[in-house]
Amino acid sequence: MSKKIQGVLTAIVTTFDSEGAFNPAAQRLQVQRQLSAGNGIFCGGTNGEFFVLNEQEKLAVTETCVDEVNGSAPVVAHIGEISTRETIRLGKQVAKLGVDAVSVITPYFVPLKQEELIAHYRAVADAIEVPLYLYNIPARTGNTLQPETVRALASHPNIIGIKDSAGSYESLSGFLKAAEGMENFNVLTGPDSLIHRGFVEGCTACISGLANVAPKEINAIWARFHAGDIEGSRQAQENITGLRTDLYSVGFPPATVKKAVSLLGSDVGNSRYAVSFSAEEEQKIRQIVNQYLQ
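Since we're looking at a predicted model, the values are computed, not measured.

## Structural notes on the nonpolar core
Right, so step 1: Formed by 47 residues in total, the largest nonpolar core has its most connected members in Val102, Leu132, Leu134 and Leu145.
Right, so step 2: Once you skip the residues sitting within four places of it in the chain, Leu134 turns out to touch Val104, Tyr121, Leu145, Val150, Leu153, Ile159, Gly161, Ile162, Lys163 and Phe185.

Given below as structure tokens:
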């Protein structure tokens, strides 16, 4: 990759048809919706329902996103699996599709020592031909990357950064400190609540699930910051605080985000997560979106 990935990458939803199968045409529309707001694409992540997609679907989602973007914005694909073997196998296939980088979640279900995480990531980085971002989301995996582990991994020439979705400034600041002096290693924010603060502290990009619902509003945080309008960026962050707080209180945030996108009029299908929304909850989501975005 010739340059840093900067700005907003939307953790894009995976679109399904009425039968629950992947819907490539609808996926392309969602990609275009994000591109028109100035956002890049992060596909196959938690908002993309990666762990309820089979391997061929993961590849199809990535291929569709890369093709639709057509080089006009960065595309990062998530490839993390429970085992090193399966992560490498999927990663090799994804690397052939033209992504700018891949993101690798810590193995989940199995508790790992820090040295085991180092061995896992080095093996994956050695095996694939595209740059790799570490992906820290301990609430979902049970494994936490420690800052000293990240600094050790940052010396690998094919590991270019970390996406931190731990959810706290303390976690993010620990990784920013670990990355000091590492010119070719970048920190990306995961929580929508920390986008502005992340940019101010030195993050190069954010991965935003809420951008599925509010693509322009999320992009404004970056656009104003990048233009030197720090106060404007802070205000743009404040503008989405209520939306995030109220929307995420309804249910599991990725599923709630997808339902909100659907209620905004996009044909993205239902989530495969084992969640459901009552009529009252759908009405609440509709009211929240109307309050903050219209």
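Now, onward.
## Some thoughts on the side chain of Asn186
Right, so step 1: Take Asn186: it is sitting in strand E7 (residues 186-189).
Right, so step 2: Those residues in contact with Asn186, other than ones at most four positions away along the chain, are Lys4, Tyr133, Ile160, Gly161, Ile162 and Thr204.

## A look at helix H12 (residues 279-293)
Right, so step 1: Taking 1.5 Å of rise per residue, 15 residues should cover 21 Å, and H12 covers 21 Å from first to last C-alpha, within 8% of that figure.
Right, so step 2: Every buried residue of H12 is accounted for by Ile285, Ile288 and Val289. On an axial view of H12, the arc spanned by its buried residues comes to 95°, and they lie on one face. Every exposed residue of H12 that faces more than 90 degrees away from the buried side is listed here: Ala279, Glu280 and Gln291.
Right, so step 3: Buried-residue contacts for H12 involve helix H10 (230-248) and helix H11 (253-263).

## Here's the deal with the environment of Ile5
Right, so step 1: The topology assignment puts Ile5 in the segment before strand E1 (7-11).
Right, so step 2: Between the C-alpha atom of Ile5 and that of Asn186, which follows or precedes it by 181 residues, the distance is 8.8 Å.

## What to know about the pattern of salt bridges
Pairing between side chains of opposite charge can happen when the charged atoms of each approach one another.
Right, so step 1: Counting across every chain of the model gives ten salt bridges.
Right, so step 2: Linking Glu231 and Arg234 is a salt bridge whose minimum nitrogen-to-oxygen distance equals 2.6 Å. Residue Glu231 and its partner Arg234 are located together in helix H10, separated by three residues, close to a single helical turn.
Right, so step 3: Given a relative accessible area of 47%, Glu231 falls into the partly exposed group.
Right, so step 4: Salt-bridge contacts for Glu282 lead to Lys259; the nearest nitrogen and oxygen are separated by 3.3 Å. Remark: Lys259 occurs in helix H11 and Glu282 occurs in helix H12; sequence separation between them is 23 residues.
Right, so step 5: By relative accessible area, Lys259 is classed as buried at 15%.

## Looking at the packing of aromatic side chains
Right, so step 1: Inspection of the entire model under this criterion finds eight aromatic pairs.
Right, so step 2: On the numbers, 6.2 Å between centres and 80° between planes, the contact of Phe42 with Tyr135 is edge-to-face. With Phe42 in strand E2 (residues 40-43) and Tyr135 in strand E5 (residues 132-136), this residue pair connects regions lying 93 residues apart in the sequence. Exposure class is identical for Phe42 and Tyr135. Each is buried.
Right, so step 3: Seen from their ring centres, Phe51 and Tyr273 are 5.3 Å apart, and the 40° between their planes marks the pair as tilted. Of this pair, Phe51 sits in the loop between E2 and helix H2 (55-69) while Tyr273 is found in the loop between H11 and H12, placing the two residues 222 residues apart along the sequence.
Right, so step 4: Of the residues examined, Tyr273 reaches a relative accessible area of 7% and is grouped as buried.
Right, so step 5: Ring pairing ties together the aromatic residues Phe50, Phe51, Tyr108, Phe252 and Tyr273, which thus form one cluster.
Right, so step 6: The residue whose ring lies beneath Lys163 is Phe42, and the NZ or CZ to ring-centre distance is 4.8 Å.
Right, so step 7: Lying across the ring of Tyr169, Arg197 places its NZ or CZ 3.4 Å from the centre.

## Regarding empty space enclosed by the protein
Right, so step 1: Under the defined criterion, the tally for this structure stands at one cavity of 30 Å³ or more.
Right, so step 2: Computed from the structure, the largest cavity encloses a volume of approximately 50 Å³.
Right, so step 3: Lining the largest cavity, in full, are Cys43, Gly44, Leu53, Lys58, Val61, Thr62, His78 and Val94.
Right, so step 4: Top element by residues in the lining of the largest cavity is H2. It accounts for three residues.
Right, so step 5: The residue inventory of the lining of the largest cavity, partitioned by class, reads four nonpolar, three polar and one charged.

## Points about the pairing of strand E6 (residues 159-164)
Right, so step 1: Among the six residues of E6, six are classified as buried, and the element is accordingly described as predominantly covered.
Right, so step 2: Pairing of E5 with E6 involves five bridges; the strand directions are parallel. Paired with Tyr133 across the bridge in E6 is Gly161.
Right, so step 3: For the handedness criterion, the β-α-β arrangement of E6, helix H7 (residues 169-178) and E7 is classed as right-handed.

## Describing the layout of surface pockets
Where empty space is left in the structure can be found by rolling a water-sized probe over the atoms.
Right, so step 1: As a volume, the largest pocket reaches approximately 440 Å³.
Right, so step 2: Lining the largest pocket we find 23 residues, and of these Ile137, Ser165, Gly190, Pro191 and Pro253 sit closest to its centre.
Right, so step 3: Sorting the residues of the lining of the largest pocket by element identifies helix H5 (138-141), strand E8 (205-208), H10 and H11 as the ones contributing at least two each.
Right, so step 4: Looking at side-chain class alone, the lining of the largest pocket contains eleven nonpolar, eight polar and four charged residues.

Cut-off values and rules
- Residues numbered from 1 in each chain as written.
- Predicted model: local features only at pLDDT ≥ 70, side-chain atom pairs only at ≥ 80, totals over all residues.
- Heavy atoms only, no water.
- Core = buried A, V, L, I, M, F, W, Y, C linked by side-chain atoms within 4.5 Å.
- Buried < 20%, exposed > 50% of the residue type's maximum accessible area, 1.4 Å probe, protein only.
- Contact = heavy atoms within 4.5 Å.
- Helix = DSSP H or I, 4+ residues; strand = E, 2+ residues; numbered from the N terminus.
- Expected span 1.5 Å × (residues − 1).
- Arc of directions from axis to C-beta.
- Salt bridge = Lys/Arg side-chain N within 4 Å of Asp/Glu carboxyl O.
- Phe/Tyr/Trp six-rings, centres within 6.5 Å; stacked < 30°, edge-to-face > 60°.
- Lys NZ or Arg CZ within 6 Å of the ring centre and 35° of its normal.
- 1 Å grid on protein atoms, 1.4 Å probe; cavity = no way out; pocket = protein on both sides within 12 Å on 5 of 7 lines; lining within 4 Å.
- Points joined across faces, edges and corners; volume = space filled by probe spheres on them.
- Nonpolar A, V, L, I, M, F, W, Y, C, P; charged D, E, K, R; others polar.
- Pairing = 2+ DSSP bridges.
- Right-handed = clockwise from strand over helix to strand, strands pointing away.

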